[in-house]
Amino acid sequence: ISLFFYSQLLFRMCKMRRWCGGPLMIFSKPVLQYVVEGCSSSDINDAIYFLRVLQQADSLEYTPQLIQALHHPDPQVRLFALDKLDFQGVTKSLISLLHKQMNMDKDPKVKERILAIIIRFEGAENPKTVFHKYGHYLDDKKWEFGAILGFLQIGGDCTLLAMDGLQRMTQSKDVKQ
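Residues numbered from 1 in each chain as written. Predicted model: local features only at pLDDT ≥ 70, side-chain atom pairs only at ≥ 80, totals over all residues. Heavy atoms only, no water.

1. Topic: the overall build of the chain
Broken down by element type, the chain carries 10 helices and zero strands. In the chain, the succession of helices and strands from N to C terminus is α-α-α-α-α-α-α-α-α-α. Counted over contacts in the chain with a minimum sequence separation of 6, partners at least 24 positions apart contribute 49%. Total accessible area on the chain stands at roughly 10700 Å², and carbon and sulfur atoms take up 58% of it. (Helix = DSSP H or I, 4+ residues; strand = E, 2+ residues; numbered from the N terminus. Contact = heavy atoms within 4.5 Å. Areas by Shrake-Rupley, 256 points an atom, 1.4 Å probe, with all protein chains shown as cover.)

2. Topic: the environment of Gln-101
Relative to the assigned elements, Gln-101 resides in helix H6 (residues 92-104). Spatially, the C-alpha atom of Gln-101 lies 8.3 Å from that of His-71, the residues being 30 residues apart in sequence. Beyond its immediate chain neighbours, meaning those up to four positions away, Gln-101 contacts Leu-70, His-71, Arg-78 and Ile-114. A polar contact of 2.8 Å, which involves the side chain of Gln-101, links it to the backbone oxygen of Leu-70. (Polar contact = N/O pair within 3.5 Å; in protein donor to acceptor, adjacent residues only side chain to side chain.)

3. Quick look at a nonpolar patch on the surface
Taken together, the side chains of Leu-152, Met-163 and Leu-166 present a nonpolar region at the surface, about 220 Å² in accessible area. Summarising the element assignment, Leu-152 is placed in helix H9 (residues 144-154). (Patch = residues over 30% accessible without salt bridge, like charges linked within 9 Å, V, L, I, M, F, W, Y side chains within 5 Å. Salt bridge = Lys/Arg side-chain N within 4 Å of Asp/Glu carboxyl O.)

4. Section: the packing of helix H3 (residues 44-56) against helix H4 (residues 62-69)
It is the contact of H3 with H4, at a shortest axis distance of 9 Å, that shows an interaxial angle of 155°. Compared by their axis directions, H3 and H4 come out roughly antiparallel. Like other packed secondary-structure pairs, H3 and H4 cross with a definite hand, here left-handed. Residue-level contacts link Leu-51, Leu-54 and Gln-55 of H3 to Tyr-62, Gln-65, Leu-66 and Ala-69 of H4. In the contact of H3 with H4, the residues fall into five nonpolar, two polar and no charged. (Axes fitted to C-alpha atoms, helices over the stretch in contact; angles between N-to-C directions. Parallel < 35°, antiparallel > 145°, perpendicular 65-115°, else oblique. Left-handed = near helix turned anticlockwise from the far one by under 90°. Nonpolar A, V, L, I, M, F, W, Y, C, P; charged D, E, K, R; others polar.)

5. Comments concerning the pattern of salt bridges
Oppositely charged side chains can form a pair if their charged atoms are brought close together. In total, this model carries six salt bridges according to the counting rule given. Residue Asp-105 pairs with Arg-78 through a salt bridge whose shortest N-O separation is 2.7 Å. Placement of the pair is Asp-105 in the loop between H6 and helix H7 (108-125) and Arg-78 in helix H5 (residues 75-88), with a sequence separation of 27 residues. With respect to class, Asp-105 is no different from Arg-78; both count as buried. (Buried < 20%, exposed > 50% of the residue type's maximum accessible area, 1.4 Å probe, protein only.)

6. With respect to the environment of Lys-128
For Lys-128, the position within the fold is in helix H8 (residues 127-134). Considering only alpha carbons, one finds Lys-128 and Asp-157, 29 residues apart in sequence, at a separation of 9.6 Å.

7. Concerning H3
Over its 13 residues, H3 extends 18 Å from the first C-alpha to the last, a length consistent with the 18 Å expected when each residue adds 1.5 Å. Structurally, the start of H3 carries an N-cap: the backbone nitrogen of Asn-45 is 3.0 Å from a side-chain oxygen of Asp-43. Just past H3, the residue Asp-58 takes up positive phi, approximately 50°. (Expected span 1.5 Å × (residues − 1).)

8. Here we look at the packing of aromatic side chains
Considering all chains together, one arrives at five aromatic pairs under this definition. Between Tyr-49 and Phe-50, the aromatic rings sit 5.1 Å apart at their centres with planes inclined by 80°, giving edge-to-face as the arrangement. When its relative accessible area of 13% is taken as the criterion, Tyr-49 is described as buried. Look at Phe-50 and you get buried, because its relative accessible area is 1%. Three or more aromatic residues joined by ring pairs form one cluster here, namely Tyr-34, Tyr-49 and Phe-50. (Phe/Tyr/Trp six-rings, centres within 6.5 Å; stacked < 30°, edge-to-face > 60°.)

What follows is the structure, encoded as structure tokens:
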């Protein structure tokens, strides 16, 4: 009976967006379904709220919902999902998915963030070839911030390349930067 009441309380709290963190367990299928559906909400705050609920619950649905959130219509939700996936640890299968997403996504900040994750991951795997594969992005205004971030995160010789790009950015007369 106590699980029933806990599930009812959790369901009500989620409906009112009152869960503010702390330990959480989702036992009830209807509650889990409600939370998972909330992750696809068109409302940015709701989508991120429900992703955080899954994270707090340490739910098995968390990672699949983050991957699904990469296709959310709002770039803020996609950036949130990218940050959380990156924090969890990037895998080869995720990199493959991110390559596809980078080509499909329309938002420049999302594309730059994806590029930084890819460069860092592939640089850790094979630092000798990463510059040959991604160095040209340092010379492209649409991609240079993501490339600089990725190369800085690799460290070593790649940091020097990134510093050159960063210096060019700071000396640029482009007001947008």
